[in-house]
Each structure stands twice: as structure tokens, then as C-alpha cells.
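What follows is each chain in one-letter form.
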Amino acid sequence: MRRWTSILLGAVLTAAFIGPGTVTTAAAAGAGYGLALLWALTFSTLACWTLQEAAARLAICSGRPLAEALRHQFGGWKGVAVRLLVLGAIVLGNAAFEVGNVLGAVAGLELVFDAPRRLLVLGVGVLSGILLWFGTLRMLPRVLGAFVAFMGLAFLVTALRVHPPDATLLRHLVWPAQPEGAGLLVVGLIGTTVVPYNLFLGSGLARDEPLDATRFGLAVAIVGGGLISMAVLVVGTAVHGAFTYEALAETLGRTLGAWARTLFALGLFAAGFTSALTAPIAAAITARGLLRAPNASAHDRTYRITWLVVWSSGMLLSLLDLRPIPAFITAQALNGVLLPIVAVFLWIATNDPRLMGRDGLTSPGLNVLAGLSVGVAVLLGLRNLLAALQAAGMGPALSESLLLKLAGGITFFLLLLLSRYLYRLRRPAP
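What you see is a predicted model; the values in this text were computed from it and never measured.

Caption draft 1: Layout of the overall build of the protein chain. What the protein chain contains, in helices and strands, is 18 helices and 0 strands. Out of the 430 residues in the protein chain, the part that is buried amounts to 55%. The long-range share in the protein chain, meaning contacts at least 24 apart out of those at least 6 apart in sequence, stands at 85%. For the protein chain, the exposed area adds up to about 18,400 Å²; of that, 69% sits on carbon and sulfur atoms.

Here you go:
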């Protein structure tokens, strides 16, 4: 019974990454590149479980959630720098997510209502702000979450009809391929699945849970979320013409009936609105753990200032008439770049005997998976950073393959240094 109860923990995390950004990025990948980028979702689902397991194990074995563990592990000026770096990454990433969340909720409403976008943005923003301020977040997210779940089921059924499992589908699930110009989407697919703030959120939720049951719950929920993301990508391959929300809704309607279009609109709004509530809260919880006592009041200054910054940033940027689809993809890619910052610290913490004890240290097999997860995330993040510098005229023009080779060389060198540090960290004192 405890195992199935633990699925609720993973389900919270799954709900956090099955949002409008997931729908947008995965469907755009399918519409633009067919099944070629399915492998990125296979990798990111595995990486999500690996890193969430490490975050949960850290809290269970050390008694300290990730934010508190980082504060404890790094002292002095180094600790201040680490906490500010991680806090900056989390707040910036959540602010980017908040823009996508608000625009996603508005995009769902626009499929049903003919109203000015700014008016809809203000409506979503004011309602979410009131709920956040007064902390009345119980029944509404559950009701909206039901719409998100039904939307995910609709995507699964549609995907099976659009492209039943065959050898081509299986090959794309495991064979890495990156068509020219797909780099931003690859990083976005990883960033929308392995969400940095979810590592802090999951670590806090798992603190008093048994480890075996937590692993089981995470596996069931995260694999389920990964399958829904893959289904969205497959449905995206059936979109006719340019990818838009209207075209995606029509694709569902052609396969399942007119009711599916309305369900998609409600599901997209629900996913955006619930995520617009969770992103500021997750950032605030993380900030409180990094800077103050983790059991401080939910209304303390650090908590309230952090969620206000994230919420207001999302609101202000959403009012600038940004196009939602490019905004989503850019936000997911930004989180894919920020992910290594958090993942590296987590990898170090779960290999520290002072925190974990000898029995709680990451096993050799999980260390290989963690190293692969961190390495690929760093590789893709560096690739996008180098591409951005090149686009800004700060470097020579390089082809996609050369960019990846250069990023790969830097990543390999960084992983060697980190592996050596972890080996020395784990070695018993003489």
C-alpha cells in the first residue's frame, strides 16, 4: 500500500512537467522533424528518474532536502557563491516557465473565447496572484488537474491511431539524431522533462518517505509522464501545415471527434494555470531552503518576495505580446541550459559520505546513469551557448557538427575533472 501511495509523490512531479511547455515543445518537434527527436524524450525520461531518485535519496538518507544540503555542504564565501548561483538559476528558470505558463493558459482560452489577449493575460494573472497571496490552493488545482489528465489520455489514444508502434518508431526512440537546426528543440525537450526546480520540490516531498517505495512511485509516475510527452510528439507529426495550437486541436478532432478539440482547449488552460501556481511556489520553497530555515513560516519575507518576483516577471513579460510558441520553446531551452548547474551539485552531494553515510552513497550503476545525464545536459547546454555566441558575432562560423564536437570536448574534460573529484570525495579517510 505504501508503494502505491508513493506514486502520489511522483505524480506531483509529473503534473509539474506535463504543462503547456511540454505540449508546445514536443508537438513542435514532431511537426518540424517527424519522429527524429523521440530519442531526446527517451533520454530525458531516464535522466528525470535518475536525478529525481538522487534528490529523493539525498533527503531520505541525510535528512536534508537538496536546498538545505547545499547550504550545509558549502560553507564560507564558497557557500554564499553556490547558493546565489543555484538560487539565480532557479528563480530565472521559474520566471521563464511562468511566462510560458501564463501564455499557455491564455492560448487554451483563445481556442474557446474571442477576447483580446491582454485582457485574458490580466485575468489569468490576477486570479493566480490572488490564489498565491491567500494560499487557497487545494480544490482548484485538483479539478484542473483532471482536465490535464484527460488531455494526456486523448494524446495517447490519438498517437496510437496516428502511428502504431513499429520498427521505425522503436528505432527513433533509441537512435540519437539531430537534424540541422534542431538543437534548440532538443535542449527544450530535455528542459521540459528534467525541470530544475522539480529536483528541489521532489527532494522536499520525499524527506520522510521510505526509499524503496519512493523509487517505485517515481518510476511509475515519471515513465507515465514520459509516455504522454512522446505521444504529444507523435501527434505533432500529423499536424497539417505550420504548427499552431489550432492545427494541433484540429488533429485531435479529426481522430477522436469534435469533443477532443474542446478537451484540448480546457486541458491546455488547466495545465498552464496550475503550472502558473506551482512555479512561483516551488521557487519560493527553494529560496527559503537555500537562504533561511526550511521550516520557516510560509508567509516569511524570503518566501513571499521570491514568489512575487517569479509571478510578476511572468505577468509583465506575458503582456508584451510575445508569441506563445517561440516563448515556450525558448523557456524550455533555457531550463535545459540551467539544468547542469543544479544537477552537478546534486551529483556531488549524493557522493559525499558526510551527508549520505556509506549506505546512502550513489551506487556505481546509478553513478554511470547520473554521469550520462549530467554529461548530455552539459553537452547540449554548451552547444546552445556556443551557437548563441556565434550568432552574436563573438566567434567563428561553425557547422552544427563542429559545434557539437567542440561542446563534446569541453564536456568530456569537465566530466573527467568532476569524476576525479567524486572519487577523492568517496574515498575512505586513512
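Caption draft 2: Spotlight on the packing of aromatic side chains. One pass over the full model with this rule turns up 4 aromatic pairs. Seen from their ring centres, W133 and W307 are 6.2 Å apart, and the 75° between their planes marks the pair as edge-to-face. Taken together, the positions of W133 in helix α6 (residues 117-134) and W307 in helix α14 (residues 301-318) put the pair 174 residues apart, joining distant regions of the chain. Residue class for W133 comes out partly exposed when judged on its relative accessible area of 39%. By relative accessible area, which is 3% here, W307 ends up buried. Ring geometry for W307 and W311: centres 6.5 Å apart, planes at 70°, overall edge-to-face.

Caption draft 3: Representation of helix α10 (residues 196-205) in the model. Counting buried positions along α10 gives 8 out of 10 residues, so the element sits mostly inside the fold. Three or more residues of α10 are buried, namely P196, Y197, N198, L199, F200, L201, G202 and S203.

Caption draft 4: A look at the pattern of salt bridges. Summed over the entire model, instances satisfying the criterion amount to 6 salt bridges. Its salt-bridge partner being R215, residue E53 comes within 2.8 Å of it at the nearest N-O pair. With E53 in helix α3 (residues 38-62) and R215 in helix α11 (residues 211-236), this pair connects stretches of sequence that are 162 residues apart. For R215, a relative accessible area of 27% gives the class partly exposed. R261 is the partner of E246 in a salt bridge, and the nearest nitrogen-oxygen pair spans 2.3 Å. Placement of E246 in helix α12 (residues 245-256) and of R261 in helix α13 (residues 258-291) is noted, with a sequence separation of 15 residues between them. Taking relative accessible area as the criterion, E246 reaches 35% and is therefore assigned partly exposed. On the basis of relative accessibility, which here comes to 23%, the residue R261 falls in the partly exposed class.

Conventions and cut-offs
Residues numbered from 1 in each chain as written. Predicted model: local features only at pLDDT ≥ 70, side-chain atom pairs only at ≥ 80, totals over all residues. Heavy atoms only, no water. Helix = DSSP H or I, 4+ residues; strand = E, 2+ residues; numbered from the N terminus. Buried < 20%, exposed > 50% of the residue type's maximum accessible area, 1.4 Å probe, protein only. Contact = heavy atoms within 4.5 Å. Areas by Shrake-Rupley, 256 points an atom, 1.4 Å probe, with all protein chains shown as cover. Phe/Tyr/Trp six-rings, centres within 6.5 Å; stacked < 30°, edge-to-face > 60°. Salt bridge = Lys/Arg side-chain N within 4 Å of Asp/Glu carboxyl O.

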